[in-house]
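Structure at a glance
Next come the chains, spelled out residue by residue.
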Amino acid sequence: GNDNLRSHLPRSIQNIIGSQSNNKQQKYQLNLDWMNETPNLKRFLSKVSTEELSKPDRAEVIRVSLFEALINLAKAEHEKGNEFPNLLKMSSVRRAISILKKLNADLNLLQMKMEAAYGLCKGCLQEKYGKKKKRLPQVICIGAKKCGTGAFQNFLAHHPHLFKPPGYDEVHFFDKEEDYAKGIEYYHSLMPETSAGEITYEKTPKYMVIPEVPGRIYAMNSTVKLIAIVCNPVNRAFSDFTHVVKSGYFKSETSKYMNLEETDEESRLKGFEGFSEAYITKSNEIKEEKGDAQWRKWIQNVHKEQVEASILTNGLYSVHLQNWLDAGFKREQMLILNGEELISNPAKIILRAQEFMGLEPIIKESHFVFDKDKGFYCFKNLKTGEPSCLGDGKGRTRAGGGPNFSPKLKEDLVSYFKPYNSELYKIIGEDFHWNEA
Ligand SMILES: Nc1ncnc2c1ncn2[C@@H]1O[C@H](COP(=O)(O)OS(=O)(=O)O)[C@@H](OP(=O)(O)O)[C@H]1O
């Protein structure tokens, strides 16, 4: 029956098809090869209206046409050497299947014909592609810390074809020696079960700044897609400082600059000012004494040698990203997003990410609503209209235009980051305008 068909198709398609009964075997005589190309299928779909579906004569033509078009398309794609999951990623195919569902088409027959088109035996579609299983990630978000990776993950969690390791906000496999030592099988075991055509993804912001990580990920899969979210390094540093102070990390260092009992914004700004001036000086001294190459090494090893300095050095994106390029990753397999834009225009950033991952653009403009109390965009449930915002730990320093630095601190920080922002702009091919004090 139809349930049989459903279980044979990947979950992404099952969602579209939904549960359905009363399919009768149909006879299809029309052969419409005019539709054996996607653009034609697209053009045809653009002409189909919901109204027409309820007119029996027209519905019959549409059903037969779509059915044939899908099978012809499957044959054409198979001949081109494209795998079945790619077919399922095409939005026109998804749309066609959803219409066929409405028209009570014989989906069992469709399945059999698709199997034939792909040269597979009966029922082998499931064997080859439809089986849910754990897969290593095809996409990894590598940071940067405090640039909105949580918001990014939260928004994309609503995408029906994207899955992250269950129970983990961050996996920390490649950066934690004791976990990495457990082997790639352990990493694989943490992954969600997915069907072919769905995306497995994880985010760990620390990956970006640990020098061993790029080579390890490259060894796992040299064609994995990487997403880096970068943001104004000056604001990022204060956000990081706030995070460290509020979480009570390396207190012996932060307590040199502020009383850790008083963590209101004014006290944090004061503490951050002392901290920044001290570490800008430290960093500049190392550079002067040891030269640029050694200084870059110091930056990369700061997590081992002087972790509190990372509050500043995590924002030297060009130094860290160069490491990924040196490991062999191609620029085209990295999507570098502006975290400031994720704050001001989340839909634009999330749409770019979906496109990069090869996902249907399901999360869109209408899902975002600005929440005045939160001071940020929140995700809107389109059925209930209810917005859901990120928790209290997110959005502590940037609501309402960001922190109020003293002009001197702002100037010192901007000039510290300036050369590396410029290096970053060269890598990205775009100026994010963070060099203006
Ligand atoms: N929509 C929305 N809602 C709330 N917060 C948002 C949003 N978009 C971006 N941000 C900013 O995300 C900052 C936290 O970044 P991360 O999630 O990468 O932090 S972490 O590295 O995972 O700790 C967080 O930094 P703080 O403001 O310092 O808390 C936010 O400014």
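Figured I'd write up the structure that's included with this text. Just so it is clear, the model here is predicted, and its values are computed rather than measured.

**Brief notes about unusual backbone geometry**
Following Gly143, the chain continues into Ala144 via a peptide bond in cis, with omega recorded as 0 degrees. Tracing the chain through its elements places Ala144 in the loop between strand E2 (139-141) and helix H10 (149-156). At Lys146, a position not held by glycine, the phi torsion is positive, near 65 degrees. With respect to the element layout, Lys146 can be found in the loop between E2 and H10.

**Topic: the site of the ligand**
Thr149, Ser239, Lys394, Arg396 and Thr397 are the nearest of the 22 residues found near the ligand. A distance of 2.8 Å separates an oxygen atom of the ligand from a polar atom in the backbone of Gly150. One nitrogen or oxygen atom from the side chain of Thr397 is found 2.5 Å from an oxygen atom belonging to the ligand. Summarising the interface, the protein chains cover 97% of the accessible area of the ligand, which totals 640 Å² for the free molecule. Judged by the fraction of its atoms near the pocket grid, the ligand is located in the largest pocket. Mapped onto the shell around the ligand, the elements with two or more residues apiece are H10, helix H14 (233-247) and strand E9 (376-380). Looking at the shell around the ligand, the element that brings in the most residues is H10, giving four residues. Grouping the constituent residues of the shell around the ligand by class yields seven nonpolar, eight polar and seven charged.

**Remarks on the packing of aromatic side chains**
Each aromatic ring pair is specified by the distance between its two centres and by the angle formed by the two planes. Per the stated rule, a full pass over the model turns up 27 aromatic pairs. Seen in terms of ring centroids, Phe368 and Phe379 are 5.9 Å apart; in terms of plane orientation they differ by 85 degrees. Their pairing is edge-to-face. Remark: Phe379 occurs in strand E9 and Phe368 occurs in strand E8 (residues 368-371); sequence separation between them is 11 residues. Grouping residues by exposure puts Phe368 and Phe379 together as buried. Three or more aromatic residues joined by ring pairs form one cluster here, namely Phe238, Phe241, Tyr257, Phe272, Phe275, Tyr279 and Phe405. Against the face of Phe356 rests Lys225, its NZ or CZ located 5.4 Å from the ring centre.

**Describing the state of the cysteines**
In total, this model carries two disulfides according to the counting rule given. Residue Cys147 pairs covalently with Cys231 via a disulfide, S to S 2.1 Å. Taking the torsion about the sulfur-sulfur bond, which here is approximately -70 degrees, the covalent link between Cys147 and Cys231 counts as left-handed. Taken together, the residues Cys147 in the loop between E2 and H10 and Cys231 in the loop between strand E6 (225-230) and H14 connect sequence positions 84 residues apart. Relative accessible area serves as the criterion here: at 3%, Cys147 is assigned to the buried category. Paired by a disulfide, Cys378 and Cys389 hold their sulfur atoms 2.1 Å apart. With the S-S bond torsion at 100 degrees, the cross-link from Cys378 to Cys389 turns out right-handed. Here Cys378, found in strand E9, pairs with Cys389, found in the loop between strand E10 (387-388) and helix H22 (407-428); they are 11 residues apart in sequence, far enough to count as distant.

**Remarks on the layout of surface pockets**
Considering only enclosed or pocket space, the largest pocket measures out at about 800 Å³ in volume. Looking at the largest pocket, it is lined by 38 residues, and the ones nearest its centre are Lys145, Lys146, Thr149, His243 and Lys394. Among the secondary structure elements, those contributing two or more residues to the lining of the largest pocket are H10, H14, helix H20 (339-344) and E9. When residues in the lining of the largest pocket are grouped by element, the largest group, four residues, is from H10.

**Some details on the sheet that holds E6**
Spatial strand order, E3-E5-E2-E6-E7: five strands in an open sheet with parallel pairing. The two strands at the open ends of the sheet, each matched to only one other strand, are strand E3 (162-163) and strand E7 (334-338). Pairing of E6 with E7 involves five bridges; the strand directions are parallel. Each residue of the ladder has a partner; that of Ile229, found in E7, is Leu337. Contacts from helix H19 (residues 317-326) reach E6 and E7 within the one sheet, and its direction differs from that of E7 by about 165 degrees. In the packing of helix H21 (residues 346-357) onto the sheet, the strands contacted are E2, E3, strand E5 (199-203), E6 and E7, and the crossing angle to E7 comes to about 175 degrees.

The rules behind these values
- Residues numbered from 1 in each chain as written.
- Predicted model: local features only at pLDDT ≥ 70, side-chain atom pairs only at ≥ 80, totals over all residues.
- Heavy atoms only, no water.
- Helix = DSSP H or I, 4+ residues; strand = E, 2+ residues; numbered from the N terminus.
- Near = heavy atom within 4 Å.
- Polar contact = N/O pair within 3.5 Å; in protein donor to acceptor, adjacent residues only side chain to side chain.
- Areas by Shrake-Rupley, 256 points an atom, 1.4 Å probe, with all protein chains shown as cover.
- 1 Å grid on protein atoms, 1.4 Å probe; cavity = no way out; pocket = protein on both sides within 12 Å on 5 of 7 lines; lining within 4 Å.
- Sits in = over half its atoms within 2 Å of the grid points.
- Nonpolar A, V, L, I, M, F, W, Y, C, P; charged D, E, K, R; others polar.
- Phe/Tyr/Trp six-rings, centres within 6.5 Å; stacked < 30°, edge-to-face > 60°.
- Buried < 20%, exposed > 50% of the residue type's maximum accessible area, 1.4 Å probe, protein only.
- Lys NZ or Arg CZ within 6 Å of the ring centre and 35° of its normal.
- Disulfide = S-S within 2.5 Å.
- Points joined across faces, edges and corners; volume = space filled by probe spheres on them.
- Pairing = 2+ DSSP bridges.
- Contact = heavy atoms within 4.5 Å.
- Axes fitted to C-alpha atoms, helices over the stretch in contact; angles between N-to-C directions.

Geometry only, nothing functional implied.
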